[in-house]
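Listed here are the chains, written in short residue letters.
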Protein chains: 2
Amino acid sequence: MPKKVRIAIDAMGGDFAPINEIQGAVLALNEKIPDVNLEIILVGNEGKIRSGIQQADADVNLFEIVNASQVVTMNDEPTAALKKKKDSSMYKAIELHANGYADAVISAGNTGAMLSTSTVLLGRIKGVSRPTIGSFFPTQKAYPALVLDVGANIDSKPRFLYEFAVMGSIYIRQVLGVENPKIALINIGEEKSKGTEVVKETYKMLKDSELNFVGNLEGRDMLQGAADVFVCDGFTGNILLKFAESFPGFLKYAVKDYASKSFLNKLMVLMVAPFLKKILSGFDYEEFGGVPLLGVNGNSIIGHGKSSPKAIKSMINRAADLVNNDLNGKIHVALNPPVMSENNQLGK
Amino acid sequence: MPKKVRIAIDAMGGDFAPINEIQGAVLALNEKIPDVNLEIILVGNEGKIRSGIQQADADVNLFEIVNASQVVTMNDEPTAALKKKKDSSMYKAIELHANGYADAVISAGNTGAMLSTSTVLLGRIKGVSRPTIGSFFPTQKAYPALVLDVGANIDSKPRFLYEFAVMGSIYIRQVLGVENPKIALINIGEEKSKGTEVVKETYKMLKDSELNFVGNLEGRDMLQGAADVFVCDGFTGNILLKFAESFPGFLKYAVKDYASKSFLNKLMVLMVAPFLKKILSGFDYEEFGGVPLLGVNGNSIIGHGKSSPKAIKSMINRAADLVNNDLNGKIHVALNPPVMSENNQLGK
């Protein structure tokens, strides 16, 4: 019998809410995940959601709707939902999961607010110091690389970075099916003597761990896909992520500039535009459909504000996958090694 | 009467030494800088330099040659020249400048070694805590942006970052002719409350300074050219630089992959290859011909290991420009504000 998986969607979160959220949910319901009986709860302004469903030409009976009067905006502080917006779509969606009514929660809204609200309402997995957010970077390999942390934790201690590596490794194994993911520490050189004190200390911890640690790698190694998981502090990771995300815009600008210079140039650009677009799509969130907040004691997925219906659908599938495969249970085991009793240790 | 400017070249430094160094020097001598009487000293293995000159079909009498028996390699530690290779081409070229025989020194060799050897032999400008190395990033504007530090200083205190901003501002005014360069702090958000403690403290210092400080900017603002100078610690800057430098390779890979899929694709790629190459050239050092070690009490220019003859020529021109315009004098004034005597202060 298929397992019931109930997912709460912050229907007001994204830049194109609630319409993209609704269309994404419809796509997910139509697709049917094997062995999963998907149920969707749309959380937000009931009136807007109902007219959005009508607009999307969908059946209103496909969804459960939970009304919420407030919206956390992209400009709100990370603590906004916790302090001032407890009747927001985000807060209430997370709460439905925290109460056990929903099995997972997704949002394309304010990342900082999603992280802090999820952390407070759902708690952390035992053994996790700080929940983290990763992001996929395109690579020359068949699959992308996970970079984490990308902004959740500015002041990252070695222990935090070590935990990011453990969680990233487990996550990549699950979503990409990579048996023994290669873990790298982002650094300014490959020698173990390189980098900040925090990075040097982290190097030792990773070296001594059971992870498939390939050592320090540099900025140039990321797009080459020299590792599956690249670990760094949230300051470095956030700047790198936003820099990488600006590449397509930069190239588009250069292409437009080139096209404006002659008719021949314009023709050429028209010809190659679809190709360029395809190459650069790897710098887009869309394909990967959001990332989970790793370390949170629940299944909380955050997506890009610009998430398309397709991206929302991917987020829903990802959430169902996390529920089905008990990602958090695996993280718990990895970060809470069994303490043997004295008797066991001595083999008595 | 033209001013004599004598430049010492580490002729063994680059990946294509000494041939690119010699060809670059020939280009510079042929070009003739107005009001400058350029003299070039090639430092390195005399035999190899002589045969290089022959190979380049150049007149041996154009150059002074100073023999050096050792070479600092790219894999050497930054302290290698100082500790073990005092008869290296790099050490001796810098020494010629330190002794006052040459007015400037350039190298396409080991950046770390060039920095530490220049700092020790030439000293620091008074008021400079740490010399720094910047790098130019392409932008959507008419000119590139300077990012610094890109690896010289891993542990950057607020005072260091402030000095980088001052030196970067003066340098950009001189080389790009920007009257009042916009200075930004690279951060994970625009609010002054964002970032690490070091960044927050630096924000205050820059805000209180006379620089044209435009505030915190994010990774996405760099290629847009939202500022002329982007300041960050050497850890972040180095990772960003190497990541950015890997972008052309990533696109080239994607293009090749695309071309391999059909004959039509291949044709298309052949057509647009020159255009793509042009767009991506901004990510190359070559155009800018190296960067000076800012804060060193002398004129010491470091270029990319892969420097072409054209890049070497640009480095020589840049060096002559620094000498002529007294960049260091301006940095000295900016970082050593005149202390007024009590009488002056009171206007007596």
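Structure's up top.
Residues numbered from 1 in each chain as written. Chains lettered and ligands numbered in written order. Predicted model: local features only at pLDDT ≥ 70, side-chain atom pairs only at ≥ 80, totals over all residues. Heavy atoms only, no water.

Peer 1: Provide a residue-level description of the side chain of A:H97, including the pertinent values.
Peer 2: Residue and element names in this part refer to chain A. Tracing the sequence through the fold places H97 in helix α4 (residues 89-98). Here H97 falls in the buried class, since its relative accessible area comes to 11%. Discounting chain neighbours no more than four positions away, the residues touching H97 are A102, D103, A104, V105, L122, G298 and N299. (Helix = DSSP H or I, 4+ residues; strand = E, 2+ residues; numbered from the N terminus. Buried < 20%, exposed > 50% of the residue type's maximum accessible area, 1.4 Å probe, protein only. Contact = heavy atoms within 4.5 Å.)

Peer 1: Help me get a handle on the pattern of salt bridges, residues and values and all.
Peer 2: Here the idea is simple: oppositely charged side chains can pair when their charged atoms come close. What the rule picks out here adds up to 24 salt bridges over all chains. B:E31 is paired through a salt bridge with B:K313; the nearest N and O atoms lie 2.9 Å apart. Remark: B:K313 occurs in helix α11 (residues 309-325) and B:E31 occurs in helix α1 (residues 19-31); sequence separation between them is 282 residues. Using a relative accessible area of 16% as the deciding quantity, one classes B:K313 as buried. Ionic pairing is found between B:E218 and B:R220, a salt bridge with its closest N-O pair at 3.4 Å. Residues joined in a network through salt bridges with shared partners are A:E218, A:R220 and B:K242. (Salt bridge = Lys/Arg side-chain N within 4 Å of Asp/Glu carboxyl O.)

Peer 1: Quick rundown of the pairing of strand β6 (residues 145-148) of chain A? Include the residues and the values.
Peer 2: Residues and elements named next belong to chain A. Every second residue of β6 is oriented toward a common face, with A145 and V147 on one face and L146 and L148 on the other, all of them buried. Here 4 bridges tie strand β5 (residues 132-137) to β6, and the two strands are oriented antiparallel to one another. Bridge pairing in β6 places G134 opposite L148. Sheet topology note: the β6/strand β9 (residues 229-231) ladder contains 3 bridges and is parallel. Along β9, the bridge assignment pairs L148 with V231. (Pairing = 2+ DSSP bridges.)

Peer 1: Can you explain the environment of A:V333? Please cite residues and give values.
Peer 2: Examined against the element boundaries, A:V333 turns out to sit in helix α12 (residues 327-335). In this structure the C-alpha to C-alpha distance between A:V333 and A:G127, which are 206 residues apart in sequence, comes to 9.1 Å.

Peer 1: So, the relation of the copies chain B and chain A: which residues are in play, and what are the values?
Peer 2: If you rotate chain B by 180° and push it 0.0 Å along the axis, it lands on chain A with an RMSD of 0.1 Å. Interpreted geometrically, this transformation is the action of a two-fold axis. Scanning chain B for the C-alpha nearest the rotation axis identifies B:T236, at a separation of 2.9 Å. When the interface residues of chain B are mapped onto chain A, 100% of them again lie at the interface, so the same face is used by both copies. (Least-squares fit on C-alpha atoms with pLDDT ≥ 70 in both.)

Peer 1: So what's going on with the interface of chain B and chain A? Residues and values would help.
Peer 2: Between chain B and chain A, the contact holds 43 residues from the first and 43 residues from the second. Where chain B abuts chain A, roughly 4300 Å² becomes buried across the two surfaces, and 81% of that area is made up of carbon and sulfur atoms. Considering only the surface of chain B that becomes buried against chain A, B:F235, B:F243 and B:F250 emerge as the three largest contributors, covering 18% of it. Scanning the region where chain B abuts chain A turns up 2 salt bridges. A salt bridge links A:K242 to B:E218, with the nearest nitrogen and oxygen atoms 2.3 Å apart. At the boundary of chain B and chain A, one finds 4 residue pairs in polar contact (both at pLDDT 80 or more). At the level of secondary structure, the elements contributing two or more residues to the side of chain B that touches chain A comprise α8 (234-245), α9 (247-259) and α10 (263-280) of chain B. (Buried area = accessible area lost by both parts, 1.4 Å probe. Polar contact = N/O pair within 3.5 Å; in protein donor to acceptor, adjacent residues only side chain to side chain.)

Peer 1: Which residues make up the packing of α1(B) against α11(B), and what values go with them?
Peer 2: Residue and element names in this part refer to chain B. Packing of α1 against α11 brings their axes to within 7 Å, and their N-to-C directions diverge by 55°. Here α1 is positioned oblique relative to α11, judged by the angle of their axes. Here α1 runs over α11; the crossing is right-handed. Of the residues in α11, those in contact with N20, E21, Q23, G24, A25, L27, A28 and E31 of α1 are P309, K310, I312, K313, I316 and N317. In terms of residue class, the contact of α1 with α11 is built from 6 nonpolar, 4 polar and 4 charged. (Axes fitted to C-alpha atoms, helices over the stretch in contact; angles between N-to-C directions. Parallel < 35°, antiparallel > 145°, perpendicular 65-115°, else oblique. Left-handed = near helix turned anticlockwise from the far one by under 90°. Nonpolar A, V, L, I, M, F, W, Y, C, P; charged D, E, K, R; others polar.)

Peer 1: Describe a nonpolar patch on the surface, naming the residues involved and giving the relevant values.
Peer 2: Nonpolar side chains collect at one region of the surface, where A:F263, A:L264, A:L267 and A:L270 lie side by side and expose about 480 Å² of accessible area between them. Here A:F263 lies in helix α10 (residues 263-280). (Patch = residues over 30% accessible without salt bridge, like charges linked within 9 Å, V, L, I, M, F, W, Y side chains within 5 Å. Areas by Shrake-Rupley, 256 points an atom, 1.4 Å probe, with all protein chains shown as cover.)

Peer 1: So what's going on with unusual backbone geometry? Which residues, and what values?
Peer 2: In the segment running from B:A17 into B:P18, the intervening peptide bond is cis, with an omega of -5°. Along the chain, B:P18 falls in the loop between β1 (3-10) and α1. The peptide bond linking B:L148 to B:D149 adopts the cis configuration, its omega dihedral lying at 15°. Inspection of the secondary structure puts B:D149 in the loop between β6 (145-148) and α6 (158-176). Even without being a glycine, A:K32 presents a positive backbone phi close to 55°. Relative to the elements of secondary structure, A:K32 occurs in the loop between α1 (19-31) and β2 (36-44).

Peer 1: Describe the packing of α4(A) against helix α5 (residues 111-122) of chain A, listing the residues and the values that go with them.
Peer 2: Residues and elements named next belong to chain A. Direction vectors running N to C along α4 and α5 enclose 30°, while the axes themselves pass 10 Å from each other. Crossing of α4 over α5 shows right-handed handedness. Between α4 and α5, the contacting residues are M90, Y91, I94, E95, H97 and A98 on the first element and A113, M114, T117, S118, L121 and L122 on the second. In the contact of α4 with α5, the residues fall into 8 nonpolar, 3 polar and 1 charged.

Peer 1: Explain the pairing of strand β4 (residues 104-107) of chain A residue by residue, including any values.
Peer 2: All names here are of chain A. Here β4 shows a buried face lined by A104 and I106 and a second buried face lined by V105 and S107. Sheet analysis places strand β1 (residues 3-10) next to β4, joined by 3 bridges and oriented parallel. In the sheet register, A8 faces β4, and the bridge partner there is V105. Relative to strand β11 (residues 300-302), β4 is paired through 3 bridges, and the arrangement is parallel. When the sheet's bridge partners are listed, S107 is paired in β11 with I302.

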